[in-house]
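# An overview of the molecular structure
What follows is the residue order along each chain.
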Amino acid sequence: MANTPATITVYMESDVVALPCGVKETAPFLERLWRETGADCDGEEEDMECSCGHFHRFLLKDGVEEGVPPS
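Quick summary incoming for the structure in this document. Owing to the predicted nature of the structure, the values given are computational and were not obtained by experimental measurement. (Residues numbered from 1 in each chain as written. Predicted model: local features only at pLDDT ≥ 70, side-chain atom pairs only at ≥ 80, totals over all residues. Heavy atoms only, no water.)

Looking now at the overall build of the chain. A tally of regular secondary structure across the chain gives one helix and five strands. The N-to-C order of helical and strand elements in the chain reads β-β-β-α-β-β. Taking all 71 residues of the chain together, 27% fall into the buried category. (Helix = DSSP H or I, 4+ residues; strand = E, 2+ residues; numbered from the N terminus. Buried < 20%, exposed > 50% of the residue type's maximum accessible area, 1.4 Å probe, protein only.)

Structure follows, in structure tokens:
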């Protein structure tokens, strides 16, 4: 990839993930990321085309984002 995309951190135990193309449910997003890249563990970082048509780099993290209470 010529241009390295900004990294979007995905907290695997959160209910939603904020993407440039909007807020998505985390579970279906993680399923798609796993199917397309194989990433499914804390610390894995992969590039994937988002539903907006642009490529983004996603970093997986265990837990929920700090300051965001679990629902």
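Alright, that's what it looks like, and here's the rest.
All right, on to the nonpolar core then. Counting residues in each nonpolar core, the largest one holds 13 residues, and the members touching the most others are Val 10, Leu 19, Phe 29, Leu 33, Phe 58 and Leu 60. It is helix 1 (residues 26–37) that provides the largest number of residues to this core, a total of three residues. When near neighbours in sequence (up to four residues on either side) are disregarded, Leu 19 contacts Ile 8, Lys 24, Phe 29, Cys 50 and Phe 58. (Core = buried A, V, L, I, M, F, W, Y, C linked by side-chain atoms within 4.5 Å. Contact = heavy atoms within 4.5 Å.)

A word on the side chain of Ser 14. Looking at the secondary structure, you find Ser 14 in the loop between strand 1 (7–11) and strand 2 (16–19). When its relative accessible area of 16% is taken as the criterion, Ser 14 is described as buried. Every residue in contact with Ser 14, bar those within four places of it in the chain, is listed here: Thr 26, Gly 63, Val 64 and Glu 65.

Attention now goes to the environment of Arg 32. Locating Arg 32 in the fold gives a position in helix 1. Beyond its immediate chain neighbours, meaning those up to four positions away, Arg 32 contacts Met 48, Glu 49, Cys 50 and Ser 51.

The sheet built from three strands is open, its strands ordered 1-5-4 with mixed pairing. Across the chains shown, the open sheet's two edge strands, defined by having one partner strand only, are strand 1 and strand 4 (45–49). Looking at each pair of strands side by side, their axes are set apart by 40° on average, direction ignored. Pairing of strand 4 with strand 5 (residues 55–61) involves five bridges; the strand directions are antiparallel. In the sheet register, Glu 45 faces strand 5, and the bridge partner there is Leu 59. (Pairing = 2+ DSSP bridges. Axes fitted to C-alpha atoms, helices over the stretch in contact; angles between N-to-C directions.)

Burial along strand 2 is one-sided: the face carrying Val 17 and Leu 19 is buried and the face carrying Val 16 and Ala 18 is not. As paired elements, strand 2 and strand 3 (residues 22–25) share four bridges and run antiparallel to each other. Bridge assignment links Val 16 to a residue of strand 3, and that residue is Glu 25. Hairpin connection of strand 2 to strand 3: two residues between the antiparallel strands.

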